[in-house]
Number of protein chains: 2
Amino acid sequence: MNPIGPAVKRPATLDDVAAIAGVSAKTVSRVVNRDVNVSAATRERIEAAIRETGYRVNQAARSLAASRSFLIGAFMPHLSSFYFAEIFRGAAKACRQYGYHLVLEEFDHGADSVVDRYEQGLRGAHCDALILTPPVCDDEKLLDALDRDGLPYVRIAPGKQLGRSVAVGADERRAVEQLVRHLWDAGRRRFAIIAGPADHAAAMVRERAFCDALGALGGDPAGVALTRIELNESIAEAGRIATLDLLRGSNPLPDAIFAFNDEVAIGAMAAIRELGRSVPEDIAVAGFDDSYIAQLVWPPLTTIHQPIADLAFQAVRLVADPEGFSTGNILLPTRLVVRGTT
Amino acid sequence: MNPIGPAVKRPATLDDVAAIAGVSAKTVSRVVNRDVNVSAATRERIEAAIRETGYRVNQAARSLAASRSFLIGAFMPHLSSFYFAEIFRGAAKACRQYGYHLVLEEFDHGADSVVDRYEQGLRGAHCDALILTPPVCDDEKLLDALDRDGLPYVRIAPGKQLGRSVAVGADERRAVEQLVRHLWDAGRRRFAIIAGPADHAAAMVRERAFCDALGALGGDPAGVALTRIELNESIAEAGRIATLDLLRGSNPLPDAIFAFNDEVAIGAMAAIRELGRSVPEDIAVAGFDDSYIAQLVWPPLTTIHQPIADLAFQAVRLVADPEGFSTGNILLPTRLVVRGTT
DNA sequence: TTTTTCATTGTCAGCGCTGACATAATTAGA
DNA sequence: TCTAATTATGTCAGCGCTGACAATGAAAAA
């Protein structure tokens, strides 16, 4: 293996392929880019030459000439490694399908300013488009900066300024209504929400949906106790601490907790256990995301499933597929998954 | 927001900055690239012009001219979203620090051939270097392909052909020895290993280390029951199924299980619970990685901590830092974290 | 047949930058 | 003082590709 430096073997170029196939470089370019107007015979000869040389398009040259980078950027907030991994999985799949590459920018929620991260990081990558997840998808300063630079973006699950861009979302409201009804029917009456960070607008929409649904059933939305987690190293730990605080200050204790996500819910379960209470007998717990750990903790966690990877896939498709932008917003289904904690 | 297409505003170029600062484009380039031979006065004027224009280097042009892409590639196997997220976090931090960008290639362990993924995906990105995690870091065909293309790479925790490349690893053997001693001292005598995929060489080294350490204590390495997980949608689920199989075929039951990673360990705990046994009374369980969920399950999981993010950081540093390659291999510390399951 | 159309292929400038090299300005040394 | 070494800046080709446009040839229409 070699240190970074001049490539050991000069990769084949369009000209190399063209010389072998006996055509012009431009015609090879046409084949590579799937241009229609190339005769079958020529195409075959060129494809053979491409195989022979192992030719791969030089993205830098292509980008420079076409003034496109074929890069799609994304911020990766550290709210949940499951959410993060799923987003990546869906986005990567779509990128592969549409001939793009993913550029990821780390974003340490709380410590960094997204706009700074954009200015100092992603902006320099000259992406063709960005996909934005919560909470950065609702950061107005960031959106302003992107609009200023004329950089297209798709938002995943935005909670504010819904008309501002094309967006891909999940029907969170519906599943939250199902959850509230499920808890209500089980006789739960004293609700608490362990909420996510205040700038996570989608989560706040869920909180509102929770209260609305409760009101519709004759419950008291104003009586719902709400604590917001303080972000720290581990979000589950943050959930545990927030729940501890909430429970210590509650009399009577709530009998149902709706957590920001599964990790927070698991932290909440740890807190309940610490205070000598049991789930679901004393307190029911519900999470959000249906991450794989929801099935593995004990008792298995009731949660709301949303198609995270598909959300990201669709987001990339919107920008990468030439026909994508005409599609308009996309709303994917969610569903309540009842397990042992409720 | 705009569909992908011609940029709305033409970004400033070196020439634009040069014109404002009254110097040549080359001198601006020198400032941008932190070349030393630029007078302070000139540098200041140019920096002001850069601020004024909002100039950002065009990576495509820079890449083309310098024949470097400033991209570092990585495969992202779906073995553990925690591991994945940590690797990413460390690598992204280092990339930021050294002026590189990360390109991630999805790799669906089991379904895909890594070499295909490389040929069809990452190779086209023309990365300057790759960082390889298990299990792909031990894929000889991939390494052959990389060597053939003269593409530098750093391996993280390789388990085979250790001399073949620069590598960053964790001292897994030492922590495994501590674990075995810990289990032995607690009176455990019937051991089982829920092992990872067969191509994960680093994990196999751990298995061997486990048996060696057992032998050193006077135990019977040959008596260690070993099952390998079958990869499926969820690795924890794979761990649960493998453990179920193992326990159903065991008489007497093992009294200690060492799992491939924390997620598998959690699956194992679920299986033990399903069979009506308890952790740690009947069976002790230990994982690997010290992921955040290890602290949240009940009982909290005994596991081996390894600095995953730092591993990736160092790997990127080796290729990105001009002085990196002279550093040679790097071995980072691990430690046994004893919690409630043992 | 001649003209028009259209599918196919070619030509060439130039995207924005950097490496190699040349030159000018300054400083150190003799 | 003058020359040599050093520092600061400039010139320019060309990285590999694509967009705009031109040219060619063959089929369709007149």
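Each remark here, short or long, concerns the structure printed above.
Residues numbered from 1 in each chain as written. Chains lettered and ligands numbered in written order. Predicted model: local features only at pLDDT ≥ 70, side-chain atom pairs only at ≥ 80, totals over all residues. Heavy atoms only, no water.

**Examining the interface of chain A and chain B**
Then, in step 1: With 67 residues of chain A at the contact, the number on the chain B side is 69 residues.
Then, in step 2: With both chains or domains summed, chain A and chain B bury close to 5,900 Å², and 63% of this area falls on carbon and sulfur atoms.
Then, in step 3: If you look at where chain A meets chain B, you find zero salt bridges.
Then, in step 4: Our enumeration of links across chain A and chain B arrives at twelve residue pairs in polar contact (both at pLDDT 80 or more).
Then, in step 5: Per-class residue counts for the side of chain A that touches chain B are 34 nonpolar, 16 polar and 17 charged. (Contact = heavy atoms within 4.5 Å. Buried area = accessible area lost by both parts, 1.4 Å probe. Salt bridge = Lys/Arg side-chain N within 4 Å of Asp/Glu carboxyl O. Polar contact = N/O pair within 3.5 Å; in protein donor to acceptor, adjacent residues only side chain to side chain. Nonpolar A, V, L, I, M, F, W, Y, C, P; charged D, E, K, R; others polar.)

**Overview of the relation of the copies chain A and chain B**
Then, in step 1: Superposing chain A onto chain B takes a rotation of 180° plus a shift of 0.0 Å along the axis, which leaves an RMSD of 0.0 Å. Read as a symmetry element, the transformation amounts to a two-fold axis. Within chain A, A60 of chain A has its C-alpha nearest the rotation axis, a separation of 2.2 Å.
Then, in step 2: Same-surface contact between copies: 100% of interface residues of chain A are shared with the interface of chain B. (Least-squares fit on C-alpha atoms with pLDDT ≥ 70 in both.)

**Description of the sheet that holds strand β8 (residues 256–259) of chain A**
Residue and element names in this part refer to chain A.
Then, in step 1: The strand order across the open sheet formed by four strands is β7-β6-β8-β9, and the pairing between neighbours is parallel. In this open sheet, the two edge strands, each paired with only one partner strand, are β7 (225–228) and β9 (284–286). Sheet twist, expressed as the average angle between the axes of neighbouring strands with direction ignored, equals 15°.
Then, in step 2: Relative to β7, strand β6 (residues 191–195) runs parallel, the two sharing four bridges. Opposite I193, over in β7, you have L226 as the bridge partner.
Then, in step 3: Where helix α8 (residues 172–185) meets the sheet, its contacts fall on β6, β8 and β9, and the angle it forms with β8 comes to roughly 165°. (Pairing = 2+ DSSP bridges. Helix = DSSP H or I, 4+ residues; strand = E, 2+ residues; numbered from the N terminus. Axes fitted to C-alpha atoms, helices over the stretch in contact; angles between N-to-C directions.)

**Considerations on the protein's contact with DNA strand D**
Then, in step 1: Around DNA strand D, the surrounding shell holds 23 residues, and the nearest of these are L14, S29 and Y55 of chain A together with T27 and T42 of chain B.
Then, in step 2: Within 4 Å of the protein, the contacting atoms of DNA strand D are 63% sugar and phosphate, with bases supplying the remainder.
Then, in step 3: One of the side-chain nitrogen or oxygen atoms of K26 of chain A is found 2.7 Å away from a base nitrogen of DNA strand D.
Then, in step 4: In the environment of DNA strand D, a phosphate oxygen lies 2.8 Å from a nitrogen or oxygen atom belonging to the backbone of S24 of chain B. (Near = heavy atom within 4 Å.)

**Here's the deal with the sheet that holds strand β9 (residues 284–286) of chain B**
Residues and elements named next belong to chain B.
Then, in step 1: On the basis of which strands lie adjacent, the open sheet formed by four strands has the order β7-β6-β8-β9 and parallel pairing. With one partner strand each, in any of the chains shown, β7 (225–228) and β9 form the two edges of the open sheet. This sheet shows a mean twist of 15° between the axes of neighbouring strands, independent of strand direction.
Then, in step 2: Looking at chain direction, strand β6 (residues 191–195) and strand β8 (residues 256–259) are connected through four bridges and run parallel. The partner of A192 across the bridge, within β8, is I257.
Then, in step 3: Packed onto the sheet, helix α8 (residues 172–185) meets β6, β8 and β9 and runs at close to 165° relative to β8.
Then, in step 4: On the sheet, helix α11 (residues 262–274) packs against β6, β8 and β9 and is oriented at approximately 160° with respect to β9.

**Here we look at the protein's contact with DNA strand C**
Then, in step 1: Near DNA strand C, the surroundings consist of 23 residues, among which T27 and T42 of chain A together with L14, S29 and Y55 of chain B are the closest.
Then, in step 2: One of the side-chain N or O atoms of T42 of chain A is found 2.4 Å from a phosphate oxygen in DNA strand C.
Then, in step 3: Contacts to DNA strand C include K26 of chain B, whose side-chain N or O atom sits 2.8 Å from a base nitrogen.
Then, in step 4: Classifying every residue of the surface near DNA strand C by side-chain character gives ten nonpolar, nine polar and four charged.

**Looking at the pattern of salt bridges**
Any two side chains of opposite charge can pair, given that their charged atoms come close.
All names here are of chain A.
Then, in step 1: Counted under the stated rule, the structure contains 30 salt bridges over all chains.
Then, in step 2: In this structure, E172 and R206 form a salt bridge, with 3.1 Å as the shortest nitrogen-oxygen distance. In this pair, E172 is assigned in helix α8 and R206 in helix α9 (residues 201–216), connecting sequence segments 34 residues apart. For the residue pair E172 and R206, the accessibility class agrees, reading buried in each case.
Then, in step 3: Through salt bridges with shared partners, a single network forms among E119, R123, R148 and D149. (Buried < 20%, exposed > 50% of the residue type's maximum accessible area, 1.4 Å probe, protein only.)

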